[in-house]
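Inside the fold
Okay, here's what each chain looks like letter by letter:
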Amino acid sequence: MKLKTEFGDREELLTYLRATFTAAAARSSDVAELRGGRKAAEAVLQQIQPQRYAATRNHLRGTVSRLSAYLRHGVLTLAEVRRFALQRGGKQAEKFVTELAWREYWQRVYAKIGRDIWKDRESGKTGWRPADYTDGLPEDIAQAATGLRCMDSFATELRQTGYLHNHARMWLAAYVVHWRRIRWQAGARWFLTHLLDGDPASNNLSWQWVASTFSVKPYYFNRDNLEQFTDGVYCRTCQHYRNGCPFDGSYDELQARLFPRANQAYE
Amino acid sequence: MMNCRRGCFRALTKRMNDVLVWIHGDDLNPQSRVLQAHPQAPRVFVFDDAVSEHYQLSLKRIAFLYECLLEIPRIEIRRGDVFAELVAAAQEHQCNRIVTTESVAPRFARLCAKLRREGRLAVETIPTEPFIELSAQENARLDLKRFSRFWNPLKARALSLNQSFDW
Ligand SMILES: Cc1cc2nc3c(=O)[nH]c(=O)nc-3n(C[C@H](O)[C@H](O)[C@H](O)COP(=O)(O)OP(=O)(O)OC[C@H]3O[C@@H](n4cnc5c(N)ncnc54)[C@H](O)[C@@H]3O)c2cc1C
């Protein structure tokens, strides 16, 4: 079936898409602010500041590029972004180019393992057995109704914008897998529904990295860490801040709580 | 009479060798190598209903792809079963050869095989410009067990501009 290719403006396009892709619109009819297309991609590329990247990238308001959706769909190639970053940042672009290399790496792993991207690459290092994890994403997480201001905000942002900062992805994934003990595949599927850069390689393998099925230890965090890199914007208004925040504690305490059966110290 | 026949036949064979460019979600660059190699060829993208269903894609992902597609001149956008739509497009445009960008997705490899086998179409895949140019030997030696093992031998080259400019 052939689809329309002439539209007066974005509103007309979106109206057409809502009527044409009814199942997708029923899942979530939000549309992202980020525009598709090479012109938009080049405008975003012009804004990158690879020199400031290393020092600020972990912060939610840090100077990250937001190029991921364009790279994922080949609107820009990794090769041209690498070249552009080196021209602009020289030696200081090292960290940024290293992150581009992560995408290249995951792609190569995907080329090698194919559909096994959905299976554990290695056994986990959490002390839990695969059967200890639940299948399927709980509704309160998907509906942004856990009561945890940080996680609910990330879930909302994911659905509305199709983008999350890397650190937010890590925290959210760790919460799903380690605090709620959900199989990583359920979280990975949820992300692929929404992320404009959603890609089985980068996505699933990052989830596995968090879960410890493709790394030497699980990734987890504590409240100090989240507060620091968010300037406390979520904690300040969270009802759980003084009342049962599940992320409060030292790394040792959290390890004992989350992974009591692990036979190694992670730190 | 003979001449005409031969002429018509020639025109037909020429047309039947024509290329159909298959645009897919891993390369929506309007300046892609594939489009540069075949600037006159018809180009088709197919929204894969099975994939949308499998990944439960939300509308914003489809809208993003659509906006990318609308910047590709003369793009024909279809939806349905990718194999069936590509075969139909090839027939409509009288093409017997599909040219497309390489992809690591296992589904892509299966589709190419099916197009050759059941669709009776020649399929040529073109790689995008590599992140770092590597020889076949270097490629074979890459260790993918962990990122650091992959990256350490390549790092110096990837961080230098000069080499990349001359390839
Ligand atoms: C649980 C989880 C799921 C993820 N899912 C995806 C996904 O589906 N698709 C995706 O492209 N990335 C994914 N990432 C990686 C990373 O979070 C995003 O690429 C990055 O946040 C995109 O934002 P940016 O373009 O501003 O990145 P920047 O920090 O500006 O980086 C520049 C580019 O480098 C690449 N990159 C950066 N970090 C990574 C990384 N850790 N792994 C792979 N590539 C990277 C991206 O292409 C990115 O656009 C995931 C990470 C986690 C922890």
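Residues numbered from 1 in each chain as written. Chains lettered and ligands numbered in written order. Predicted model: local features only at pLDDT ≥ 70, side-chain atom pairs only at ≥ 80, totals over all residues. Heavy atoms only, no water.

1. Comments concerning the overall build of chain B
Quick reminder of the rule: Elements are defined by DSSP. Helices are runs of H or I of four residues or more, strands are runs of E of two residues or more, and each kind is numbered from the N terminus. Any residue under 20% of the maximum accessible area for its type is buried, any over 50% is exposed, and the rest in between are partly exposed; the area is computed with a 1.4 Å probe on protein chains only. We call two residues in contact whenever any of their non-hydrogen atoms come within 4.5 Å of each other.
Assigned secondary structure in chain B consists of 10 helices and five strands. Taken across its 167 residues, chain B has 46% of its residues classed as buried. For chain B, the share of sequence-separated contacts (at least 6 apart) that also reach a separation of at least 24 residues comes to 68%.

2. Details of the interface of chain B and chain A
What counts, and what does not: What counts as buried area is the accessible surface, traced by a 1.4 Å probe, that two parts surrender upon association, with contributions from both included. We define a salt bridge as a side-chain nitrogen of Lys or Arg found within 4 Å of a carboxyl oxygen belonging to Asp or Glu.
Across the boundary between the two partners, chain B contributes 58 residues, which contact 77 residues of chain A. Counting the surface lost from both chain B and chain A, the interface buries some 5,900 Å², and carbon and sulfur atoms represent 60% of this. A per-residue breakdown of the area chain B buries against chain A is headed by L59, K60 and F131 of chain B, which together make up 14% of the total. Between the two partners, chain B and chain A, sit seven salt bridges.

3. Regarding the pairing of strand β4 (residues 95–101) of chain B
Residues and elements named next belong to chain B. Using the following cut-off: One requirement defines pairing of two strands: DSSP has to find at least two bridges between them. When the strands point away from the viewer, a crossover counts as right-handed if the path from the first strand over the helix to the second runs clockwise.
For β4, the buried fraction is high: five of the seven residues fall into the buried class. Judged from the five bridges that link them, strand β1 (residues 18–23) and β4 form a sheet pairing that is parallel. Residue pairing for β4: V19 is matched across the bridge by R97. Summarising the sheet, β4 and strand β5 (residues 122–126) pair through five bridges and their orientation is parallel. Bridging from a neighbouring strand, T101 pairs with I126 of β5. Handedness of the crossover joining β4 and β5 through helix α6 (residues 106–117): right-handed.

4. Description of the site of the ligand
Residues and elements named next belong to chain A. The condition is simple: Note on definitions. A residue lies near a molecule or strand when any single heavy atom of the residue is within 4 Å of it. The term polar contact refers here to a pair of N or O atoms within 3.5 Å; inside protein, the definition further demands a hydrogen-donor-capable atom paired with an acceptor-capable atom, and it admits residues adjacent in sequence only when both atoms are side-chain atoms. All accessible-area figures derive from a Shrake-Rupley calculation using a 1.4 Å probe, and residue coverage is judged against the displayed protein chains alone. Space inside and on the surface of the protein is sampled on a 1 Å grid over the protein atoms alone, with a cavity defined as a set of points where a 1.4 Å probe fits but cannot get out and a pocket as an open set with protein on both sides within 12 Å along at least 5 of 7 lines; lining residues have an atom within 4 Å of a point. Any molecule with more than half of its atoms within 2 Å of a cavity's or pocket's grid points is regarded as sitting in that cavity or pocket. The start and end points of each domain follow an automatic or database-based domain assignment.
In the region of the ligand, 28 residues are neighbours, and Y53, S65, R66, N166 and D197 sit closest. Contacts to the ligand include R66, whose backbone N or O atom sits 2.7 Å from an oxygen atom. Relative to its free-state accessible area of 820 Å², the ligand is covered by the protein chains to the extent of 97%. Taken atom by atom, the bulk of the ligand overlaps the largest pocket. Broken down by element, the residue count for the shell around the ligand peaks at six residues, all from helix α7 (residues 94–113). Both domains that meet at the shell around the ligand, namely domain 2 (33–116) and domain 3 (130–258), each give it at least three residues.

5. Examining the pattern of salt bridges
Residues and elements named next belong to chain A. For the coordinates displayed, the defined rule picks out 34 salt bridges over all chains. Its salt-bridge partner being K125, residue E122 comes within 2.6 Å of it at the nearest N-O pair. The class for E122 is buried, based on a relative accessible area of 17%. With a shortest N-O distance of 4.0 Å, D132 and R261 are connected by a salt bridge. With D132 in the loop between α7 and α8 (139–142) and R261 in the segment after α14 (251–258), this pair connects stretches of sequence that are 129 residues apart.

6. Describing the domain arrangement of chain A
Think of interface size as the accessible area that goes away when the parts come together; that is how it is often given. All names here are of chain A. So the rule is basically this: Charged means Asp, Glu, Lys or Arg here, nonpolar means Ala, Val, Leu, Ile, Met, Phe, Trp, Tyr, Cys or Pro, and polar covers whatever is left, Gly included.
For chain A, the assigned domains are domain 1 (1–31), domain 2 (33–116) and domain 3 (130–258). Computed over C-alpha atoms, the centres of domain 2 and domain 3 are 23 Å apart. With 18 residues of domain 2 at the interface, the matching set in domain 3 holds 23 residues. Here domain 2 is connected to domain 3 by two salt bridges. One salt bridge in this structure joins D199 and R103, with 2.7 Å as the shortest N-O distance. Across the domain 2-domain 3 interface, the total number found is 11 residue pairs in polar contact (both at pLDDT 80 or more). Elements represented by at least two residues in the side of domain 2 that touches domain 3 include exactly α5 (68–72) and α7. Here the side of domain 2 that touches domain 3 gets six residues from one element, more than from any other, and that element is α7. Of the residues belonging to the side of domain 2 that touches domain 3, the class tally is eight nonpolar, five polar and five charged.

7. Structural notes on the packing of helix α1 (residues 10–20) of chain A against helix α4 (residues 59–69) of chain B
Note the following rule: For helices, the fitted axis covers only the stretch in contact; all axes are lines through C-alpha atoms, and the angles between them, taken along N-to-C directions, range from 0 to 180 degrees. Note on terminology: angles under 35 degrees are roughly parallel, angles over 145 are roughly antiparallel, angles of 65 to 115 are roughly perpendicular, and the others are oblique. Crossing handedness is defined as follows: a turn of the near helix away from the far one that is anticlockwise and smaller than a right angle gives a left-handed crossing, while the clockwise case is right-handed.
Direction vectors running N to C along α1 of chain A and α4 of chain B enclose 130°, while the axes themselves pass 11 Å from each other. The angle between the axes of α1 of chain A and α4 of chain B places the two elements in the oblique class. As α1 of chain A runs across α4 of chain B, the sense of the crossing is right-handed. Contacts between α1 of chain A and α4 of chain B pair R10, L13, L14, Y16, L17 and R18 of chain A from the former with L59, A63, Y66 and E67 of chain B from the latter. Residue composition of the contact of α1 of chain A with α4 of chain B, by class: seven nonpolar, no polar and three charged.

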